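# Overview (structure and organization)
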Amino acid sequence: MNILLRINFLLLLLTGLVSCNKSSDTTEEVNQTEIADNSSKYLSQPLISDHFTADPSAHVFDGKIYIYPSHDIESEVPEDDLGAHFSMMDYHVYSMDSPDGDITDHGKVLGVEDIPWAKRQLWAPDAAEKEGKYYLYFPAKDEKDIFKIGVAVGDSPIGPFTAQPEPIKGSYSIDPSVFQDSDGSYYMYFGGIWGGQLQKYRNNEFDDKGPAPTDGIPAEDEPALGPIMAKMTGDMLEFSESPIEIKILNQDGTPILAKDHDKRFFEAAWVHKYEGTYYLSYSTGDTHYIAYATSDNPYGPFTYQGIVLNPVEGWTNHHSIVEVEGAWYIFYHDTQLSGKTHLRNIKMAPLTHLSDGSIQTIEPVKN
Ligand code: FUB
């Protein structure tokens, strides 16, 4: 644990103790005491503990690690199955000189007030670099409460970022992640069901079947919805092709079905390439895994392989996978500091590719 983290944890512990001295009978205070006592049970400790962060997308730009997470906030909005209580308003960027180094908060780099078309819920972002320009991709709801994906451009990995006036044409749903292939192509993977609204679309057309999270989800024995992807244009601001749905198959070549909640795609698609193979990892949502599937093509089809990360504390599970100087890491989140679903904290841990091409499953809580 680095010095900054140690100090943050001492502060957290003191806060818990002070709260307890004041009064020990509110849930909030009891939770804080439990959290302070239980920190050793986690595989990793929070990277940031003075505010709440989630959905960390990590990249190495110019030899340094940059992290682009959601910025969770407390909200008056009641919790529901569509994630209305995730009512984030802005983004911060963080950097680390090395995986063991201190983390720097570069402050707010984009707020909902800076995005002409966005009205609420700045969910999981990602970033990409091309020819010295940096692109921050983010989902947000527009004035009709429809999720679209936007892009903001900066001259540095820590911004400032200027949002484009309109969302990316043809974009919808949530959780954009942009993968740079070895040939210099960039692809965006995106989508999420339930609150992420992917079930409201078929073949890129809006086809709203109703307000419940499951309205529009395929029937149990039909193939599950897959993430959507499109190649980016040279200027990184648009899709260069009509987005396509990715197929995720069982090992026997049959499609993963909608009823297979342990394996089917829910949200948080991320692609990395290892020894020539494309790895698509994603959250299974209501079963809380980060699963993965592999392909020899960025467009798939991908074949299901197993679990990257077992369920973390909290409902959501969302990650990124990045190589830093030859070693691989997963960035993820849990709710260690708050005990609340919508107030998360980002973490990181080593990730191991085994010699047979599989990924060793990570257990985020020690048994
Ligand atoms: O942070 C809001 C949403 O929660 C993200 O977009 C999802 O992936 C889930 O982590």
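Preceding this section is the structure that the text describes.
These numbers were taken from a predicted model, which means no experiment stands behind them. Each chain has its residues counted from 1, running along the sequence as written. Whole-chain, interface and lining totals are the exception, using all residues; otherwise, since this is a predicted model, local features are given only for residues with pLDDT of at least 70 and side-chain atom pairs are given and counted only at 80 or more. The side-chain figures draw on all heavy atoms in the structure; neither hydrogens nor water molecules are used.

## Focus: the sheet that holds strand β10 (residues 186–190)
For two strands to be treated as a pair, DSSP must find no fewer than two bridges joining them. Starting at the N terminus, helices and strands are each numbered in turn, a helix being any DSSP run of H or I of at least four residues and a strand any DSSP run of E of at least two. Here four strands make up an open sheet; going across it, the order is β9-β10-β13-β14 and the pairing antiparallel. Pairing within the sheet leaves two strands with one partner each, and these edge strands are β9 (177–180) and β14 (244–245). Relative to β10, β9 runs antiparallel, the two being bridged by four bridges. Considered in β10, the bridge of S177 is made with Y189.

## Focus on the pairing of strand β3 (residues 90–96)
Burial classes: relative accessible area under 20% of the type maximum marks a residue as buried, over 50% as exposed, and values in between as partly exposed (1.4 Å probe, protein chains only). Counting buried positions along β3 gives seven out of seven residues, so the element sits mostly inside the fold. Bridging between strand β2 (residues 64–72) and β3 involves three bridges; their strand directions are antiparallel. Opposite I65, over in β3, you have M96 as the bridge partner. Linking two consecutive strands that pair antiparallel, namely β3 and strand β4 (residues 103–111), is a turn of six residues.

## Observations regarding the site of the ligand
Here a residue counts as near a molecule or strand whenever at least one of its heavy atoms sits within 4 Å of it. Taken together, D55, S70, M88, W123, A124, I174, D175, E267, T316, H318, H333 and R344 are the residues near the ligand. Here D175 contributes a side-chain N or O atom positioned 2.5 Å from an oxygen atom of the ligand. At 2.7 Å, a side-chain N or O of R344 approaches an oxygen atom of the ligand. Burial of the ligand by the surrounding chains reaches 99%, relative to a free accessible area of 270 Å². Note on residue classes: Ala, Val, Leu, Ile, Met, Phe, Trp, Tyr, Cys and Pro are nonpolar, Asp, Glu, Lys and Arg are charged, and everything else, Gly too, is polar. Here the residues of the shell around the ligand are counted per class, giving four nonpolar, four polar and four charged. Here a polar contact is recorded for every N or O atom pair within 3.5 Å, except that within protein the pair must consist of a potential hydrogen donor and a potential acceptor, and residues adjacent in sequence are included only if both atoms are side-chain atoms. Computed with the Shrake-Rupley method and a 1.4 Å probe, the accessible areas treat only the protein chains shown as cover for residues.

## Digging into the side chain of S171
By the element assignment, S171 lies in the loop between β8 (162–163) and β9. A polar contact is formed between the side chain of S171 and the backbone nitrogen of I149, at a distance of 3.0 Å. In what follows, residue pairs with any heavy atoms lying within 4.5 Å of each other are defined as contacts. Other than its neighbours up to four places away in sequence, S171 contacts K148, I149 and F239.

## Section: the pattern of salt bridges
Any Lys or Arg side-chain nitrogen located within 4 Å of an Asp or Glu carboxyl oxygen qualifies as a salt bridge. The full count for this structure, using the stated rule, is 16 salt bridges. A salt bridge links D155 to K133; the nearest nitrogen and oxygen atoms lie 2.7 Å apart. On the criterion of sequence distance, the pair formed by D155 in the loop between β7 (147–154) and β8 and K133 in strand β6 (residues 133–141) is long-range, its members being 22 residues apart. In this structure D155 comes out as exposed when scored by relative accessible area, which is 59%. Here K273 ties to D181 by a salt bridge, and the two come within 2.8 Å at their closest N and O atoms. A residue pair is termed long-range when its members are at least 10 positions apart, and K273 in strand β16 (residues 267–274) and D181 in the loop between β9 and β10 qualify at 92 residues. A relative accessible area of 25% means that K273 is categorised as partly exposed.

## Let's talk about the sheet that holds strand β22 (residues 345–351)
Within the open sheet, the three strands sit side by side as β20-β21-β22. Their pairing is antiparallel. Looking at strand neighbours, the two that pair on one side only are β20 (320–324) and β22, the edges of this open sheet. Taking the axes of each pair of neighbouring strands and ignoring which way they run, one obtains an average angle of 30° across the sheet. Where strand β21 (residues 327–334) meets β22, seven bridges bridge the pair, whose relative direction is antiparallel. Looking at β22, one finds that I330 is bridged to A349. Angles here are taken between N-to-C directions and fall from 0 to 180 degrees, while the axes themselves are lines fitted to C-alpha atoms, restricted in helices to the stretch in contact.

## Quick notes on the side chain of H333
As for its placement among the helices and strands, H333 is situated in strand β21. A distance of 2.9 Å separates a polar side-chain atom of H333 from the backbone nitrogen of D55. A polar contact of 2.8 Å, which involves the side chain of H333, links it to the side chain of T316. Excluding its chain neighbours within four sequence positions, the residues that come into contact with H333 are T53, A54, D55, P56, V312, T316, N317, H318, R344, N345, I346 and K347.

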